[in-house]
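# Geometric and topological summary
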Amino acid sequence: MGLIDAILSFFKKAPATAAKSPTEKIAERPPEPTVIIPPQPKPVPKPAEPKVFVTKQKLAMLGADDFLSETYWKHINAAVIKYGITDPLCLTHFLAQLFHESGSLHYATELATGEAYEGRADLGNAQKGDGVKYKGRGLIQLTGRTNYLNYSNASGVNVIQDPKRLADPDLAADSAAWFWSKHDLNKYALADDILALTYRINGGFNGLEHRLKLLKRAYMVFGIEGYEARILATFGRIEKIAASETNTTKFELSLKKSMAPSRLAVLSSIAHDTAIA
């Protein structure tokens, strides 16, 4: 037997590998461990930036010093948002009146003693000492027991018990905007009626010259177009009422009575001066 025959004979005699039964199980790899991914927390939405209608810079442009602008701007901004005084024309008139009443934010308490308000039934000062206790406070000079009581009920802060609290910056701003809202003064601001606003805040026309100057400046600060024509239109109305012999309303009669020729001359000068006050 040759070498080749011997090799062939060896392979013929080697046992064949047994075929696997169809039912024979094939060893399986152990399952991969399950990876549990914990639920991810939902991203917290970023709080919306608070709207800003009144800024430190705007208060400074209206005439407040740096300290008072910094002290008051956030409180005034919060108040105008809370009470809906956000239209540019409303803001213009609101701040012009506020700056007059508070001496450009210097005074949150009336300088007078308040004795002149003693016994004033129209202010609710029925008890002895009410005039002094509830004299003008806040940036719009809230005055009298009735106003203090109404604001206490509206705000939840008892300024009847602690009237001086009304002069703190937060309530000084808030009470001014509350008074504005309570008396629906936006209506007159949107009509661009400084005369009606002054009458309803002051009860007359005290300081109208200064209020008009402040209004002219506020028009510019809040970007109100045609401020020169607006001021001239206001003066034209004053002239017409002052010259009329047919005034019938208490408002018109009060304005006419307050308009001496010298005062009309000053108001005319303010109205025709093209410079910002």
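It should be emphasised that the depicted structure is a prediction, and the values quoted were computed from it without experimental measurement. By convention here, each chain's residues receive numbers from 1 onward along its written sequence. Totals for whole chains, interfaces and linings use every residue, but because this is a predicted model, local features are given only for residues with pLDDT of at least 70 and side-chain atom pairs only at 80 or more, for both listing and counting. Based on all heavy atoms of the structure, the side-chain values leave hydrogens and waters out of the count.

## Digging into the environment of Tyr134
Helix and strand assignments come from DSSP, with helices taken as H or I runs of at least 4 residues and strands as E runs of at least 2, each series counted from the N terminus. Relative to the helices and strands, Tyr134 resides in the loop between α5 (130-133) and α6 (145-155). Note: C-alpha distance between Tyr134 and Glu110 (24 residues apart in sequence) is 10.0 Å. Note on contacts: a residue pair is in contact if any heavy atoms of the two residues lie within 4.5 Å. Those residues within four positions of Tyr134 in sequence are excluded, and the remaining contacts are Thr143, Gly144, Arg145, Tyr148, Val159, Ile160 and Pro163.

## Observations regarding the packing of aromatic side chains
Note on aromatic pairs: the rings of Phe, Tyr and Trp (six-membered ring only in Trp) are paired at centre separations within 6.5 Å, and the planes decide the class, stacked below 30 degrees, edge-to-face beyond 60, tilted for the rest. Summed over all chains, the structure comprises six aromatic pairs. Where Tyr151 meets Trp178, the ring centres are 5.3 Å apart and the plane angle is 65 degrees; that geometry is what we call edge-to-face. Of this pair, Tyr151 sits in helix α6 while Trp178 sits in helix α7 (residues 169-182), and the two are 27 residues apart along the sequence. Of the two residues examined, Tyr151 and Trp178, each falls in the buried class. Note on exposure labels: buried denotes an accessible area under 20% of the residue type's maximum, exposed denotes more than 50%, and partly exposed covers the range between, all computed with a 1.4 Å probe on protein chains only.

## A closer look at the pattern of salt bridges
Between Lys or Arg on one side and Asp or Glu on the other, a salt bridge is scored when a side-chain nitrogen of the former is within 4 Å of a carboxyl oxygen of the latter. One pass over the structure, following the stated rule, counts 11 salt bridges. Note that Asp170 is salt-bridged to Arg165, the shortest N-O span being 2.9 Å. What you see here is one network of salt bridges that share partners, running through Arg165, Asp168 and Asp170.

## Focus on the side chain of Asn77
Checked against the element boundaries, Asn77 lands in helix α3 (residues 66-82). For this analysis, a polar contact is any N or O atom pair within 3.5 Å, provided that within protein one partner can donate a hydrogen and the other can accept it, and provided that sequence-adjacent residues contribute only side-chain to side-chain pairs. At 3.0 Å, the side chain of Asn77 forms a polar contact with the backbone oxygen of Lys51. If we ignore the near neighbours within four places in the chain, the residues touching Asn77 are Lys51, Val52, Phe53 and Val54.

## A word on the packing of helix α10 (residues 208-221) against helix α11 (residues 227-243)
Axis definition: a line fitted to C-alpha atoms, over the contacting stretch in the case of helices. Angles run 0 to 180 degrees between N-to-C directions. Between α10 and α11, the shortest axis-to-axis distance is 9 Å and the interhelical angle comes to 155 degrees. As judged from the angle between their axes, α10 and α11 are roughly antiparallel. Judged by the twist between their axes, the crossing of α10 over α11 is right-handed. Across from Leu208, Leu212, Leu215, Lys216 and Tyr219 in α10, the residues of α11 making contact are Tyr227, Arg230, Ile231, Thr234 and Ile238. For this classification, the nonpolar set comprises Ala, Val, Leu, Ile, Met, Phe, Trp, Tyr, Cys and Pro, the charged set comprises Asp, Glu, Lys and Arg, and every other residue, Gly included, is treated as polar. Looking at the contact of α10 with α11, its residues break down into seven nonpolar, one polar and two charged. Comment on the angle field: the value is read as roughly parallel under 35 degrees, roughly antiparallel over 145, roughly perpendicular from 65 to 115, and oblique elsewhere. Left-handed describes a crossing whose near helix is turned anticlockwise from the far helix through less than a right angle; right-handed describes the clockwise counterpart.

## Digging into the layout of surface pockets
A cavity here means a set of points on a 1 Å grid, drawn over the protein atoms and nothing else, where a 1.4 Å probe fits but cannot get out; a pocket is an open set with protein on both sides within 12 Å along at least five of seven lines, and a residue lines either one if it has an atom within 4 Å of a point. Grid points are joined across faces, edges and corners, and a volume is the space filled by probe spheres set on the points. By volume, the largest pocket is sized at about 670 Å³. Put simply, the parts of the chain that give the lining of the largest pocket at least two residues each are α4 (88-101), α6 and α9 (194-202). Top contributing element to the lining of the largest pocket by residue count: α9, with three residues. Here the residues of the lining of the largest pocket sort into nine nonpolar, 12 polar and six charged.

## A few points about the side chain of Asp130
In this structure, Asp130 sits in helix α5. The class for Asp130 is buried, based on a relative accessible area of 2%. Engagement of the side chain of Asp130 in a polar contact is seen with the backbone nitrogen of Gln127, the distance being 3.0 Å. Among the polar contacts made by the side chain of Asp130, one reaches the side chain of Arg145 at a distance of 2.9 Å. If near-sequence neighbours (up to four positions away) are discounted, Asp130 is found in contact with Glu118, Gly124, Asn125, Lys135 and Arg145.

## Observations regarding the nonpolar core
Here the nonpolar core consists of buried residues drawn from Ala, Val, Leu, Ile, Met, Phe, Trp, Tyr and Cys, with membership extended through side-chain atoms lying within 4.5 Å. Leu59, Ile76, Phe94 and Leu95 are the most contacted members of the largest nonpolar core, which has 70 residues in total. Setting aside anything within four residues of it in sequence, one finds Leu59 in contact with Val54, Ala64, Ser69, Tyr72, Trp73, Ile76, Leu95, Phe99 and Leu105.

## Remarks on α10
Since one α-helical turn is 3.6 residues long, residues separated by three or four positions face the same way. Helix length check: α10 (14 residues) gives 20 Å between terminal C-alpha atoms against 20 Å at 1.5 Å per residue, within 8%. Buried residues dominate α10, accounting for 10 of its 14 residues. At its buried positions, α10 is contacted by α2 (56-62), α4, α9, α11 and α13 (261-272). One or two steps after α10, the chain reaches Gly223, where phi turns positive at roughly 65 degrees. What a helix is expected to span follows from its residue count: subtract one and scale by 1.5 Å.

## What to know about the environment of Asn206
Secondary-structure assignment places Asn206 in the loop between α9 and α10. Along the chain, Asn206 and Ser258 lie 52 residues apart, while their C-alpha atoms are 8.7 Å from each other. Once residues within four sequence positions are removed from consideration, Asn206 is found in contact with His100, Thr198, Arg211 and Arg263.

In short, geometric facts, not functional conclusions.
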